[in-house]
Amino acid sequence: MKELNLEEILASTSDLTKEKKVWYVAIIGRPNAGKSTFINTLIWEKISITSNIPQTTRKKVLAIYNDNDSQIVFFDTPWIHYNEKNFNKAINNQAISSLSESDLILYFIDSSRNYWDEEKYISKILENVSVPIFKVYTKSDLPEKIAIPKNKNNIFKISSNNFEWFNELLKAIKEKLKKWPLLFPENIFTKQDMFFRISEIIREKVFLNTKEELPHSVFISVEEIEEENNLLKIVAYINCESDSQKYILIGKWWSLISKIWKEARIEIEQIFWKKVFLALRVKVNKNWRKNEKLVKQILK
């Protein structure tokens, strides 16, 4: 199946001459701070995968919010945390590079968890940033473990269960926006192609059905997508680091891989509104996180 050619779409789209309030906004925060949930709730589409396991997002995900008077391009950045491993450094660099591309930064702080060293690390990174920064306290419908400052500028609280707080944040963002020709057509809500979105759906199901280090030891490769009428034929692999991980992922009598396959297939059908034939296999790619060339390819 032909991949999304964004440049081709943009070149043939007339509404890019239209002007709105437009800006790039990066979202940064420690693992599991609610960045991806915010994006999905705001856009009303499954743009970023989510799980209760920290460090789910690996790559910068672009989500495009449109309303009557604005187009806000959000960067859902990977988790930020201090770690000396090369793979984790590469992911941190993804998030940090997004800051230089943005006009405004939303610094997400999970108010339901205690303040950790990761917050100090992020605060240090933000000291070198010249664009406006909004501190956004997330999960504010839960009991607070971090006191939210009152009556201070550029301080907000949100909860994915209370869209009213979203509106307050959006209003403040719009006050900073400048009028500009549209960056993307109004009917586009993400820059991610089908290969990436499907690989992320499968990876989310691995996260939801495994535990400990195993989810972080996996990457998904979607090798082929073919579309016939109302049917998507997909060939994909779950790549892990060792034979023992492969046996765990397959499960007794193929139980775990069957569960991951079923959940992924159902969600792909719901998102793309097509019947799906998913050929899903597990293969070993030993110590792939130490392979710098492969890591760059996965994160590009």
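Residues numbered from 1 in each chain as written. Predicted model: local features only at pLDDT ≥ 70, side-chain atom pairs only at ≥ 80, totals over all residues. Heavy atoms only, no water.

Draft legend 1. A look at the packing of aromatic side chains. Going through the model one piece at a time under the given rule, you end up with six aromatic pairs. Both rings, one in phenylalanine 38 and one in phenylalanine 74, keep their centres 5.8 Å apart while their planes meet at 80 degrees; by these two values the pair is edge-to-face. One end of the pair, phenylalanine 38, is in helix 2 (residues 35-43); the other, phenylalanine 74, is in strand 3 (residues 70-76), and 36 residues separate them in sequence. On the basis of relative accessible area, phenylalanine 38 is assigned to the buried category, the value being 2%. Plain terms: the ring middles of phenylalanine 219 and tryptophan 288 are 4.9 Å apart, the flat faces sit at 65 degrees to each other, and that makes the pair edge-to-face. (Phe/Tyr/Trp six-rings, centres within 6.5 Å; stacked < 30°, edge-to-face > 60°. Helix = DSSP H or I, 4+ residues; strand = E, 2+ residues; numbered from the N terminus. Buried < 20%, exposed > 50% of the residue type's maximum accessible area, 1.4 Å probe, protein only.)

Draft legend 2. Here's a closer look at the pairing of strand 5 (residues 133-138). Pairing between strand 4 (residues 104-110) and strand 5: six bridges, direction parallel. Opposite aspartate 110, over in strand 5, you have threonine 138 as the bridge partner. Each parallel crossover has a hand, and for strand 4 linked through helix 4 (residues 117-126) to strand 5 it is right-handed. Across three bridges, strand 5 lies against strand 6 (residues 155-157) in parallel orientation. (Pairing = 2+ DSSP bridges. Right-handed = clockwise from strand over helix to strand, strands pointing away.)

Draft legend 3. Inspection of the pairing of strand 9 (residues 231-240) at higher detail. Summarising the sheet, strand 8 (residues 219-228) and strand 9 pair through nine bridges and their orientation is antiparallel. Along strand 9, the bridge assignment pairs glutamate 227 with leucine 232. If you look at the hairpin formed by strand 8 and strand 9, you'll find two residues sitting between the two strands, and asparagine 229 has a positive phi there, around 55 degrees. With ten bridges joining them, strand 9 and strand 10 (residues 275-284) adopt parallel strand pairing. In the sheet register, leucine 231 faces strand 10, and the bridge partner there is lysine 275.

Draft legend 4. The arrangement of the sheet that holds strand 9 in detail. Pairing within the open sheet is mixed, and its three strands lie in the order 8-9-10. On the outer flanks of this sheet lie strand 8 and strand 10, each paired with one strand and no other. Adjacent strand axes in the sheet meet at a mean angle of 15 degrees when their direction is disregarded. Seen against the sheet, helix 6 (residues 194-209) touches strand 8, strand 9 and strand 10 and runs at an angle of roughly 130 degrees to strand 8. (Axes fitted to C-alpha atoms, helices over the stretch in contact; angles between N-to-C directions. Contact = heavy atoms within 4.5 Å.)

Draft legend 5. Representation of the pattern of salt bridges within the structure. Under the criterion given, the structure shown has 15 salt bridges. Lysine 18 is the partner of glutamate 186 in a salt bridge, and the nearest nitrogen-oxygen pair spans 3.2 Å. A residue pair is termed long-range when its members are at least 10 positions apart, and glutamate 186 in the loop between strand 7 (178-181) and helix 6 and lysine 18 in the loop between helix 1 (6-11) and strand 1 (19-29) qualify at 168 residues. Here arginine 113 ties to aspartate 110 by a salt bridge, and the two come within 2.7 Å at their closest N and O atoms. Take aspartate 110: its relative accessible area is 0%, and that puts it in the buried class. By sharing partners, the salt bridges in this structure join Lys18, Lys20 and Glu186 into a single network. (Salt bridge = Lys/Arg side-chain N within 4 Å of Asp/Glu carboxyl O.)

Draft legend 6. Representation of helix 4 within the structure. Among the residues making up helix 4, those that are buried are Glu118, Glu119, Ile122, Ile125 and Leu126. Along the long axis of helix 4, the arc covered by the buried residues comes to 120 degrees, so they all point the same way. Helix 4 presents Asp117, Lys120 and Lys124 as exposed residues on the side facing more than 90 degrees away from its buried surface. (Arc of directions from axis to C-beta.)

Draft legend 7. Region of the structure containing the side chain of threonine 210. With respect to the helices and strands, the residue threonine 210 is situated in the loop between helix 6 and strand 8. Engagement of the side chain of threonine 210 in a polar contact is seen with the backbone oxygen of valine 206, the distance being 2.5 Å. (Polar contact = N/O pair within 3.5 Å; in protein donor to acceptor, adjacent residues only side chain to side chain.)

Draft legend 8. Representation of the environment of leucine 104. Note that leucine 104 resides in strand 4. Under the relative-accessibility criterion, leucine 104 is labelled buried at 0%. For the pair leucine 104 and isoleucine 27, spaced 77 residues apart in sequence, the C-alpha to C-alpha distance is 8.8 Å. Aside from chain neighbours lying at most four places away, what touches leucine 104 is Trp23, Tyr24, Val25, Ala26, Val131, Pro132, Ile133, Phe134 and Ile173.

Draft legend 9. Molecular detail of the nonpolar core. Counting 29 residues, the largest nonpolar core has Phe38, Phe74, Leu106, Phe134, Leu169 and Ile173 as the members making the most contacts within it. Broken down by secondary-structure element, the contributors of at least two residues to this core are strand 1, helix 2, strand 2 (61-66), strand 3, strand 4, strand 5 and helix 5 (163-176). A total of six residues in this core trace back to one element, the largest contributor, which is helix 5. For leucine 106, the contacting residues outside a window of four places in its chain are Val25, Ala26, Ile27, Ile28, Phe38, Phe74, Phe134, Val136, Leu169 and Ile173. Core analysis: the next-biggest nonpolar cluster, separate from the first, contains 28 residues, Met194, Leu256, Phe272 and Val276 among them. (Core = buried A, V, L, I, M, F, W, Y, C linked by side-chain atoms within 4.5 Å.)

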